[in-house]
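Summary of structural features
Residue-level listing of the chains:
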Amino acid sequence: MEKTTKLVIALGGNALQSGKGPATAEAQLEVVRKTCEHIAEISCKGYEIAVVHGNGPQVGRILQASETAKDVTPVMPFDVCGAMSQGYIGYHIQQCLKYALNLRNKNIPVVTLATQMIVDEADPAFQKPSKPIGQFYNEEEAKQLEQEKGYIMKEDAGRGWRRVVPSPLPKKIVEIDAVKKLWDSTIVVTCGGGGIPVIEKETGILEGVAAVIDKDFAAELLAEQVDADCLMILTEVEKVAINFNTPQQENLDSMNLEQAAKHIEEGQFAPGSMLPKVQAAMKFVRANPSKKAIITSLDKSLEALDGKTGTAITFA
């Protein structure tokens, strides 16, 4: 590379835990070790990187543990559970990534930044909570939680009732100046789980809210703010596909904004799965027409950066 390329990496859930093993901290650490081998390789190629990760299953389990122990200790608010998930996932990433870098004789600090994300109180998502979190309840328990806690509970595909929270769009990264100051010397793990959702009151006070921010949109906002050259969204598949899981499946090497918009209109990408990834990629290149976003799998990340695989999303 002629110049250092600034890269924001968004890690999907499969980069943090395996669907095969138990959902323990130890099992997560093992998966994160392998993930960090790939990230260390990218860093050693000369890329300057920041890492954003999801927290879907983890924050649900933290909340579940807290709710299960409600007779012993008070239940933690959801934004606090989000902050806790940022802390322990970040700890795993910084520990494993630092070790992987040391093995490659690259001495660079890795830090996790507890990151707050301002969302708009008037975001329509607050009127239509849609993101299921935590455990399943029967109907009677669900009604009780609605009355006692003010939770919004929804029946989930015949499996029972779950709490749902809003998923508003990220508007402003509170700690962005710190990320920028650290950028030249440090790999920063930031905006974990999409950031801790907060609303800014007229007094200037920030107040945590029960919400989940999509980590792909958070990574996109970060990429814009640090003037990244590339937004890389890592998921379980090597390439974005249309007609997914049908005999007509077609893996895409690239998409421009017009093509991506057409595929979305046709309903090619599943909401809550590939759709937000494609939308975040589109938002990045729309704001930066000379730059690109890449969607690919973790184990193909280096090849995708070299243009050999993955799906590149460009302005035109």
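The structure under discussion appears in the preceding block.
Summarised in this report is the structure supplied together with it. (Residues numbered from 1 in each chain as written. Predicted model: local features only at pLDDT ≥ 70, side-chain atom pairs only at ≥ 80, totals over all residues. Heavy atoms only, no water.)

Here we look at the overall build of the chain
Counting its secondary structure elements, the chain contains 9 helices and 17 strands. A compact globule built from 316 residues should have a C-alpha radius of gyration of about 20 Å, and the chain, at 20 Å, falls within 12% of that. Its C-alpha atoms give the chain principal-axis dimensions of about 60 × 45 × 45 Å. Within the span of the chain, comprising 316 residues, buried residues form 48% of the whole. For the chain, contacts bridging at least 24 residues in sequence account for 73% of all contacts bridging at least 6. Carbon together with sulfur atoms contributes 50% to the accessible area of the chain, which is approximately 15,400 Å² in total. (Helix = DSSP H or I, 4+ residues; strand = E, 2+ residues; numbered from the N terminus. Rg over C-alpha atoms; globule rule 2.2 N^0.38 Å. Buried < 20%, exposed > 50% of the residue type's maximum accessible area, 1.4 Å probe, protein only. Contact = heavy atoms within 4.5 Å. Areas by Shrake-Rupley, 256 points an atom, 1.4 Å probe, with all protein chains shown as cover.)

Regarding the nonpolar core
Within the largest apolar cluster, 45 residues are counted, with the highest numbers of intra-cluster contacts made by V8, L222 and V278. Counting residues per element, this core draws most heavily on helix α8 (residues 274–287), which supplies 8 residues. Ignoring any residue separated from it by four or fewer positions in sequence, one finds V8 in contact with A50, V52, W183, A219, L222, A223, V226, A228, C230, L231 and M232. (Core = buried A, V, L, I, M, F, W, Y, C linked by side-chain atoms within 4.5 Å.)

Points about the environment of L182
Tracing the backbone through its elements, the reader meets L182 in helix α5 (residues 176–183). In this structure, the C-alpha to C-alpha distance between L182 and V237, residues 55 residues apart in sequence, is 32 Å. The contact partners of L182, leaving out residues within four places of it in the chain, are V111 and V188.

Comments concerning the state of the cysteines
Inspection of every chain in the model, using the stated rule, returns 0 disulfides. Here C81 is not disulfide-linked; the sulfur of C191 is the nearest cysteine sulfur, at 19 Å. C191 carries a free sulfur, and the closest cysteine sulfur to it, the one in C230, is 17 Å from it. By relative accessible area, which is 0% here, C191 ends up buried. (Disulfide = S-S within 2.5 Å.)

Let's talk about the side chain of T190
Tracing the backbone shows T190 in the loop between β9 (187–189) and β10 (196–200). Of note is the side chain of T190, whose polar atom sits 2.9 Å from the side chain of T115. In contact with T190, other than residues within four places in its own chain, are V51, V52, L113, T115, V179 and L222. (Polar contact = N/O pair within 3.5 Å; in protein donor to acceptor, adjacent residues only side chain to side chain.)

Quick notes on the environment of S254
Mapping S254 onto the fold places it in strand β15 (residues 254–256). Separated by 111 residues in sequence, S254 and K143 have C-alpha atoms that sit 47 Å apart. Look past the residues within four positions of S254 in its chain and what remains in contact with it is Q259, T311 and A312.

Remarks on the sheet that holds strand β7 (residues 161–165)
Pairing in this open sheet of 3 strands is antiparallel, and the strands run β5-β7-β6 from one edge to the other. Lying at the two open borders of the sheet, with one neighbouring strand each, are β5 (131–137) and β6 (153–155). Going across the sheet, the axis of each strand differs from the next one's by a mean of 40 degrees, ignoring polarity. For β5 and β7, the ladder comprises 4 bridges, and the chain directions are antiparallel. The residue of β7 that forms the bridge with K131 is V165. (Pairing = 2+ DSSP bridges. Axes fitted to C-alpha atoms, helices over the stretch in contact; angles between N-to-C directions.)

All quantities given are derived from atomic positions and should not be read as evidence of function.
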